Amino acid sequence: MIRLHHSPQTRSMRTLWLLHELDVPFEVLTYPFDATLQRPEYLAMSPVGRVPALEIDGEVMFETGAIAEYLCERFSPDGLGRAPGSTERMEWLTWVHFAETLSVHVAALTQQHVMLFQDEMRSPVIMKLEAKRLAKCYAAVEAKLTKGFAERYILQGGFSAADIGLGQAIYMGTHFAALDDYPAVAEWYARMVARPAFIASLPAPGQGIYDQAFYDWRAWQ
Ligand SMILES: N[C@@H](CCC(=O)N[C@@H](CS)C(=O)NCC(=O)O)C(=O)O
């Protein structure tokens with residue numbers, strides 16, 4: 001039995017998208033993105049109250065990167081995963097986990113723009129800095145996608161969990177930094193968000209944490 005503990009439009013969407021792509025049976029428990037995640041019963045699964053948590057075969061995992069590694073090893077070692085010893089293994093691990101480097105900037109921007117209820121706590125300086133650091137991550141993905149061969153996916157060998165991790169992180173990132181200066185990323189991203197499994201992982205109307213398509217630090221200057 002696989003059960004995903006999920007809050008819409010958060011990192012748990014990355015695991016939800018992966019589960020849909022893996023086409024394995026699973027259920028989803030959806031939580032509001034609030035103090036519900038600090039209840040003892042949730043903390044018993046995720047010790048600092050973060051989403052996702054994943055119940056699988058009587059055990060519980062947290063951390064999207066670890067979950068991606070484990071699920072791919074189990075269900076798609078040479079499809080969405082790259083098995084130990086395979087030529088793309090090192091690259092796969094690198095880019096699966098690079099999603100988290102993007103996500104820390106998205107999390108800081110989400111806190112600044114969306115989660116702080118007192119305007120005096122917001123800092124346009126932090127907003128600008130984090131948006132620029134996020135765009136620097138886009139530049140790294142742009143360089144990867146244009147690295148000497150016409151890649152359709154993050155890895156030359158084809159669509160993998162690296163596309164899912166980065167696609168979800170960039171989906172969140174587009175709320176704060178546009179893809180206009182990154183044409184290869186924009187072209188790849190358009191294909192990622194057209195995938196049925198991505199669409200199936202989107203929040204139901206009114207359920208996400210963002211009520212704007214784009215949050216501009218300049219609005220707070
Ligand atoms: N590195 C963790 C980060 C998980 C994480 O921080 N999730 C956020 C949602 S995107 C969360 O649950 N935040 C709640 C909080 O900060 O209290 C992962 O990749 O799973």
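Predicted, not measured: the structure shown is a model, and the values here were computed from it.

What follows covers the overall build of the protein. The helix and strand inventory of the protein stands at eight helices and four strands. Each helix (α) and strand (β) of the protein, taken in turn from the N terminus, gives the series β-α-β-α-β-β-α-α-α-α-α-α. For 221 residues, the compact-globule estimate of 2.2 N^0.38 gives 17 Å, and the C-alpha radius of gyration of the protein, at 17 Å, lies within 12% of that figure. The dimensions of the protein, computed from C-alpha atoms along their principal axes, are 50 × 50 × 30 Å.

A few words on the site of the ligand. Taken together, Thr 10, Arg 11, Phe 33, Gly 49, Arg 50, Val 51, Pro 52, Glu 63, Thr 64 and Glu 100 make up all the residues around the ligand. For the ligand, an oxygen atom lies 3.1 Å from a polar atom in the side chain of Arg 11. Here the ligand, which alone exposes 510 Å², has 78% of that area covered by the protein. Comparing atom positions with the cavity grids shows the ligand to sit within the largest pocket. Classifying every residue of the shell around the ligand gives three nonpolar, three polar and four charged.

What the domain assignment reports for the protein is domain 1 (2-75) and domain 2 (89-195). Just the C-alpha atoms count here: the centres of domain 1 and domain 2 sit 21 Å apart. Each side of the interface is counted separately: domain 1 has 16 residues, and domain 2 has 24 residues. In total, about 1,500 Å² of surface goes out of reach between domain 1 and domain 2, with carbon and sulfur atoms giving 63% of it. A per-residue breakdown of the area domain 1 buries against domain 2 is headed by Arg 11, Arg 14 and Trp 17, which together make up 41% of the total.

Our focus in this paragraph is the pairing of strand β1 (residues 2-6). Extensive coverage of β1 is indicated by the burial of four of its five residues. As paired elements, β1 and strand β2 (residues 27-30) share four bridges and run parallel to each other. The residue bridging His 6 from the neighbouring strand is Thr 30, located in β2.

To continue, consider the layout of surface pockets. One number sums up the size of the largest pocket: a volume of about 730 Å³. If you go around the largest pocket, you meet 30 residues; those closest to its centre are Arg 11, Phe 33, Arg 50, Val 51 and Ala 107. Broken down by element, the lining of the largest pocket gets its largest block of residues, seven residues, from helix α4 (residues 89-115). Within the lining of the largest pocket, the residues separate by chemical class into 14 nonpolar, 10 polar and six charged.

Glancing now at the packing of helix α3 (residues 64-75) against α4. Relative to each other, α3 and α4 sit at 140 degrees, their axes nearing to 9 Å. Note on packing geometry: the crossing formed by α3 with α4 is right-handed. The residues of α4 that touch α3, namely those facing Thr 64, Gly 65, Ala 66, Ala 68, Glu 69, Cys 72 and Glu 73, are Arg 89, Trp 92, Leu 93, Val 96, His 97 and Glu 100. The class makeup of the residues in the contact of α3 with α4 is six nonpolar, three polar and four charged.

Moving on, we come to the pattern of salt bridges. Tallied over the full model, the rule gives 12 salt bridges. We note a salt bridge from Arg 14 to Glu 100, for which the minimum N-O separation is 3.2 Å. Here Glu 100 lies in helix α4 and Arg 14 lies in helix α1 (residues 12-22), a separation of 86 residues in the sequence. Here Arg 14 falls in the buried class, since its relative accessible area comes to 7%.

Let us look at the packing of aromatic side chains. Using the criterion set out here, one finds nine aromatic pairs in the structure. Site record: aromatic cluster; members linked through ring pairs are Trp 17, Tyr 171 and Phe 198.

About the cut-offs
Residues numbered from 1 in each chain as written. Predicted model: local features only at pLDDT ≥ 70, side-chain atom pairs only at ≥ 80, totals over all residues. Heavy atoms only, no water. Helix = DSSP H or I, 4+ residues; strand = E, 2+ residues; numbered from the N terminus. Rg over C-alpha atoms; globule rule 2.2 N^0.38 Å. Near = heavy atom within 4 Å. Polar contact = N/O pair within 3.5 Å; in protein donor to acceptor, adjacent residues only side chain to side chain. Areas by Shrake-Rupley, 256 points an atom, 1.4 Å probe, with all protein chains shown as cover. 1 Å grid on protein atoms, 1.4 Å probe; cavity = no way out; pocket = protein on both sides within 12 Å on 5 of 7 lines; lining within 4 Å. Sits in = over half its atoms within 2 Å of the grid points. Nonpolar A, V, L, I, M, F, W, Y, C, P; charged D, E, K, R; others polar. Domains from an automatic or database assignment. Contact = heavy atoms within 4.5 Å. Buried area = accessible area lost by both parts, 1.4 Å probe. Buried < 20%, exposed > 50% of the residue type's maximum accessible area, 1.4 Å probe, protein only. Pairing = 2+ DSSP bridges. Points joined across faces, edges and corners; volume = space filled by probe spheres on them. Axes fitted to C-alpha atoms, helices over the stretch in contact; angles between N-to-C directions. Left-handed = near helix turned anticlockwise from the far one by under 90°. Salt bridge = Lys/Arg side-chain N within 4 Å of Asp/Glu carboxyl O. Phe/Tyr/Trp six-rings, centres within 6.5 Å; stacked < 30°, edge-to-face > 60°.

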